[in-house]
Amino acid sequence: MSSVNNNLSWSKGAAVPKASEYSFGIVWAEWNEEITGALREGAYKTLLSNGVKPENILIKAVPGSFELTLGAQWLAEKTEVDAIICLGCVIQGETRHFDFICNAVAQGITDLNREYNMPVIFGVLTPENQQQAIDRAGGKHGNKGDEAAITAIKMVALEHSF
Ligand code: DLZ
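Okay, so let's go over this structure.

Cut-off values and rules
- Residues numbered from 1 in each chain as written.
- Predicted model: local features only at pLDDT ≥ 70, side-chain atom pairs only at ≥ 80, totals over all residues.
- Heavy atoms only, no water.
- Helix = DSSP H or I, 4+ residues; strand = E, 2+ residues; numbered from the N terminus.
- Buried < 20%, exposed > 50% of the residue type's maximum accessible area, 1.4 Å probe, protein only.
- Contact = heavy atoms within 4.5 Å.
- Areas by Shrake-Rupley, 256 points an atom, 1.4 Å probe, with all protein chains shown as cover.
- Lys, Arg positive; Asp, Glu negative; His and termini not counted.
- Charge placed at Lys NZ, Arg CZ, Asp CG, Glu CD.
- Axes fitted to C-alpha atoms, helices over the stretch in contact; angles between N-to-C directions.
- Parallel < 35°, antiparallel > 145°, perpendicular 65-115°, else oblique.
- Left-handed = near helix turned anticlockwise from the far one by under 90°.
- Nonpolar A, V, L, I, M, F, W, Y, C, P; charged D, E, K, R; others polar.
- Expected span 1.5 Å × (residues − 1).
- Polar contact = N/O pair within 3.5 Å; in protein donor to acceptor, adjacent residues only side chain to side chain.
- Salt bridge = Lys/Arg side-chain N within 4 Å of Asp/Glu carboxyl O.

### Section: the overall build of the protein chain
Then, number 1: Helix and strand content of the protein chain: five helices and six strands.
Then, number 2: In the protein chain, which comprises 162 residues, the share counted as buried stands at 45%.
Then, number 3: Considering only contacts within the protein chain whose residues lie at least 6 apart along the sequence, 79% involve residues at least 24 apart.
Then, number 4: Accessible surface, the protein chain: about 8700 Å² in total, of which carbon and sulfur atoms supply 52%.
Then, number 5: Averaging the locations of the 13 positively and 19 negatively charged side chains of the protein chain gives two centres separated by 5 Å.

### Quick notes on the packing of helix α2 (residues 68–78) against helix α3 (residues 97–115)
Then, number 1: It is the contact of α2 with α3, at a shortest axis distance of 9 Å, that shows an interaxial angle of 20 degrees. If you check the angle between α2 and α3, you find them roughly parallel. The interaxial crossing formed by α2 with α3 has right-handed handedness. Contact with α2, carried on its side by Leu68, Thr69, Ala72 and Gln73, involves Ala104, Val105, Gly108, Ile109 and Leu112 of α3 and no other residues of that element.
Then, number 2: Residue classes in the contact of α2 with α3 are distributed as six nonpolar, three polar and no charged.

### Let's talk about unusual backbone geometry
A negative phi angle is the norm for most residues apart from glycine, just as the trans form is the norm for most peptide bonds.
Then, number 1: You will see that Asn32, though not glycine, has its phi angle at about 60 degrees, which is positive.
Then, number 2: Relative to the assigned elements, Asn32 resides in the loop between β1 (24–29) and α1 (33–49).

### Here's the deal with helix α5 (residues 144–160)
Then, number 1: The end-to-end C-alpha distance of α5, which contains 17 residues, comes to 24 Å, matching closely the 24 Å that a straight helix rising 1.5 Å per residue would cover.
Then, number 2: By the burial criterion, the buried members of α5 are Gly145, Glu147, Ala148, Ala149, Ile150, Ala152, Ile153, Val156 and Ala157.
Then, number 3: Where α5 is buried, its residues contact β1, α1, β3 (83–89), β4 (120–125) and β6 (142–143).
Then, number 4: You can read the cap of α5 off the contacts: a side-chain oxygen lies 2.7 Å from the backbone nitrogen of Gly145, and it is on Asn143.

### Quick look at the pattern of salt bridges
Any two side chains of opposite charge can pair, so long as their charged atoms come close to each other.
Then, number 1: Per the counting criterion, the structure on display carries three salt bridges.
Then, number 2: Between Arg40 and Glu41 there is a salt bridge, with its nearest N and O atoms 3.0 Å apart.
Then, number 3: Residue classification places Glu41 among the partly exposed positions, given a relative accessible area of 31%.
Then, number 4: The partner of Lys144 in a salt bridge is Glu147, with the nearest N and O atoms 3.1 Å apart.

Structure follows, in structure tokens:
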């Protein structure tokens, strides 16, 4: 999947579909805000730079990554967005909390994709430490928020291609 010393923001080389007619929700977790705030800004700016109108981007905060699933579900239920980008950062600790949160949010987001038949993007960092998180939130490995936004655009365009 990822490779060391490689900028993981792969959107530069590949064509990104036109996104000006689409709308997006961003749900971001306030836990580890230094990281998740950078992911959110990366996602937001990437949507804008690919033609998405500011009024078509809805941003909601949830307390932690565990709450991303329900936050995204409410966006799917209560708004007209075409795709939802979930952003969080769960740093590995000495307890099993990490596993519980990561497993829950990964499964929760997977389920939402199918229950709502819409792209719900998994933009949750699961680094071993703070430095790895910084490296992926605008650091030497790019910004995973950018990647999540590009993924959302590509998935909405794919849906409209059928
Ligand atoms: C409790 C907790 C812990 C220990 N670590 C993180 C973390 O690294 N990243 C994160 O997004 N959230 C963490 N949380 C909070 C949980 O996601 C959740 O908000 C609480 O367990 C309340 O449901």
